[in-house]
Amino acid sequence: TNPTTPRAERPIEAQTWSVGSLHDALNDILAHVFGEVVWVEGELVDLSRSKAGHVYFRLVDADEPVMGSNPNRPSLSVTLFDSARQQVNRFLKAQGDPIRMTDGIRVRIGGRLATYPARSTLQLVMDRIDPAFTLGLLGQERTRLLAALTEEGLLRANADAALPRVPLHVGLVTSIGSAAHADALHELEVSDVGFRVSTFDARTQGADAPASIVAALHTAVAYGVDVVLLVRGGGAATDLIAFDHESVARTIANCGVAVFTGIGHETDRSVADDVAH
């Protein structure tokens, strides 16, 4: 007998999703796999705030090349809604305000993974932060840098810089118009000593602060001042990280002019303080 010719079977139709229902399904999967809270660490970049009080930024892998040199650097969008922002701020305040969220710092944050349907992106809806992570990294880097400077004989190099018996020409390196700028000028004025002050503007906070401070120090030294006074007002530990930067420390160590520092609150101690005259 001839074999029976099989009948063509009607193909099973695949499910067709609406865009919104597909996002709902993806969010269900994310919640099932990662739970309500997932912790992520990385470097904070592109921080912005809305008029409604919401905060938006991205986390990038800190061990990758500097932002801009690698456009494919792994990145995660983060949203911190105003209600959660107030909750995070209350928590940080209870801890003594040890850190402030700004571009360039490394953080460990927690929240819920979800899609953002309007842009078809993945985001972390943040509601918590681990300040000990950031402070621990800062402490480790500070210890490493101080050990390296000590081994190279640079930790007290600026202490050997020549200091005139009466250093009247002061090169004031600070952010012009800041409270620290006004305080430094006030203290010099009420001393009743005839100081001549040349002020050199520098960014003292943010990702570009180290390069700005280094440039201002070089300019002050080239201007022929007797002594450099490097000052910045108080703030969270992360507000002062520019003064723990290796480029700033090495510039102070090698500048050849005595550098005096007034950085942060009385209890704050930076690498710049340790390297200065």
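As a reminder, the structure under discussion sits directly above these lines.
Everything in this summary refers to the structure shown in the same document. (Residues numbered from 1 in each chain as written. Predicted model: local features only at pLDDT ≥ 70, side-chain atom pairs only at ≥ 80, totals over all residues. Heavy atoms only, no water.)

### Things to note about the sheet that holds strand β9 (residues 259-263)
To be explicit about the condition: In this description, strands pair whenever DSSP reports at least two bridges between them. Numbering goes from the N terminus for both helices and strands, where a helix is a DSSP run of H or I of at least four residues and a strand is a run of E of at least two. Every axis in this analysis is a line fitted to C-alpha atoms, fitted for helices over the stretch in contact. Angles between the N-to-C directions lie between 0 and 180 degrees. Contacts were defined at the residue level, with two residues in contact if any of their heavy atoms lie within 4.5 Å.
Spatially, β7-β6-β8-β9 is the arrangement adopted by the four strands of the open sheet, whose pairing is parallel. This sheet does not close on itself; its edge strands, each paired only once, are β7 (196-201) and β9. Averaged over all pairs of adjacent strands, the angle between their axes in this sheet comes to 20°, without regard to strand direction. Bridge count between strand β8 (residues 227-232) and β9: five bridges; the pairing is parallel. For Val231, the partnering residue across the bridge sits in β9 and is Gly262. Packed on one face of the sheet, helix α4 (residues 179-190) meets β6 (169-174), β7 and β8 and runs near 160° to β6. The strands touched by helix α5 (residues 209-222) within the sheet are β6, β7 and β8, with β7 carrying the most contacts at an inclination of about 150°.

### Considering the sheet that holds strand β2 (residues 55-60)
Strand order around the closed barrel formed by five strands is β1-β2-β3-β5-β4, with mixed pairing between neighbours. Looking at each pair of strands side by side, their axes are set apart by 55° on average, direction ignored. Of the pairings in the sheet, the one linking strand β1 (residues 38-49) to β2 comprises five bridges and is antiparallel in character. Bridging across to β2, Leu44 finds its partner in Leu59.

### Some remarks on the packing of α5 against helix α6 (residues 246-254)
Put simply, the rule reads: Any angle from 65 to 115 degrees is called roughly perpendicular, while one under 35 is roughly parallel, one over 145 is roughly antiparallel, and all others are oblique. Handedness of a helix crossing follows the sense of rotation of the near helix relative to the far helix, less than a right angle counterclockwise being left-handed and clockwise being right-handed.
Two numbers describe how α5 lies on α6: the axes approach to 8 Å, and their chain directions differ by 15°. One way to sum up the angle between α5 and α6 is to call them roughly parallel. Crossing of α5 against α6: the hand is left-handed. Of the residues in α6, those in contact with Pro210, Ile213, Val214, Leu217 and His218 of α5 are Ser247, Val248, Thr251 and Ile252.

### A look at the pattern of salt bridges
For clarity, the cut-off: Salt bridges are defined by distance alone: a side-chain nitrogen of Lys or Arg within 4 Å of a carboxyl oxygen of Asp or Glu. Accessibility here uses a 1.4 Å probe with only protein chains present; expressed as a share of the type maximum, an area under 20% marks a residue as buried, one over 50% as exposed, and anything in between as partly exposed.
One pass over the full model with this rule turns up 13 salt bridges. Note that Glu41 and Arg106 form a salt bridge whose closest N and O atoms lie 3.5 Å from each other. In this pair, Glu41 sits in strand β1 while Arg106 sits in strand β4 (residues 106-116), placing the two residues 65 residues apart along the sequence. The shortest N-O distance in the salt bridge between Asp82 and Arg85 comes to 2.5 Å. Of the two residues, Asp82 and Arg85 both sit in helix α2 (residues 82-94), three residues apart, roughly one turn of that helix. A residue is classified by how much of its surface remains accessible, and Asp82, at 18% relative accessible area, is buried. Here the salt bridges share partners, and the residues they tie into one network are Glu141, Arg144, Glu152, Glu246 and Arg250.

### As for unusual backbone geometry
Notably, Asp46 is not glycine yet its phi reads approximately 60°, a positive angle. You can see Asp46 is positioned in strand β1. What makes Asp46 partly exposed here is its relative accessible area of 46%. Residue Ser120 is not a glycine yet carries a positive backbone phi of 55°. Structurally, Ser120 can be placed in the loop between β4 and β5 (121-129).

### Focus: a nonpolar patch on the surface
How we decide: Within the patch definition used here, like charges are joined within 9 Å and nonpolar side chains (Val, Leu, Ile, Met, Phe, Trp, Tyr) within 5 Å, considering only residues with over 30% relative accessible area and no salt bridge. A 1.4 Å probe and the Shrake-Rupley method give the accessible areas. Residues count as covered only by the protein chains that appear here.
Together, Trp17, Leu22, Leu26, Ile29, Val33 and Phe34 make up an exposed nonpolar region whose accessible area comes to about 570 Å². Since its relative accessible area comes to 44%, Trp17 is described here as partly exposed.

### A short note on the packing of aromatic side chains
Note the cut-off: Aromatic pairing here means that ring centres of Phe, Tyr or Trp (its six-membered ring) are within 6.5 Å. Orientation follows from the plane angle: under 30 degrees is stacked, over 60 is edge-to-face, and everything else is tilted. A ring is scored as having a charge over it whenever the NZ atom of a lysine or the CZ atom of an arginine sits within 6 Å of its centre and within 35 degrees of its normal.
A complete count under the given rule lists one aromatic pair for this structure. An angle of 75° between the planes, with centres 5.7 Å apart, marks the rings of Phe200 and Tyr223 as edge-to-face. Residue Phe200 is located in strand β7, and its partner Tyr223 is located in the loop between α5 and β8; the two are separated by 23 residues in the primary sequence. With relative accessibility at 48%, the residue Tyr223 sits in the partly exposed group. For the cation-ring pair, Arg108 lies above Trp39, with the distance from its terminal atom to the ring centre recorded as 4.2 Å.

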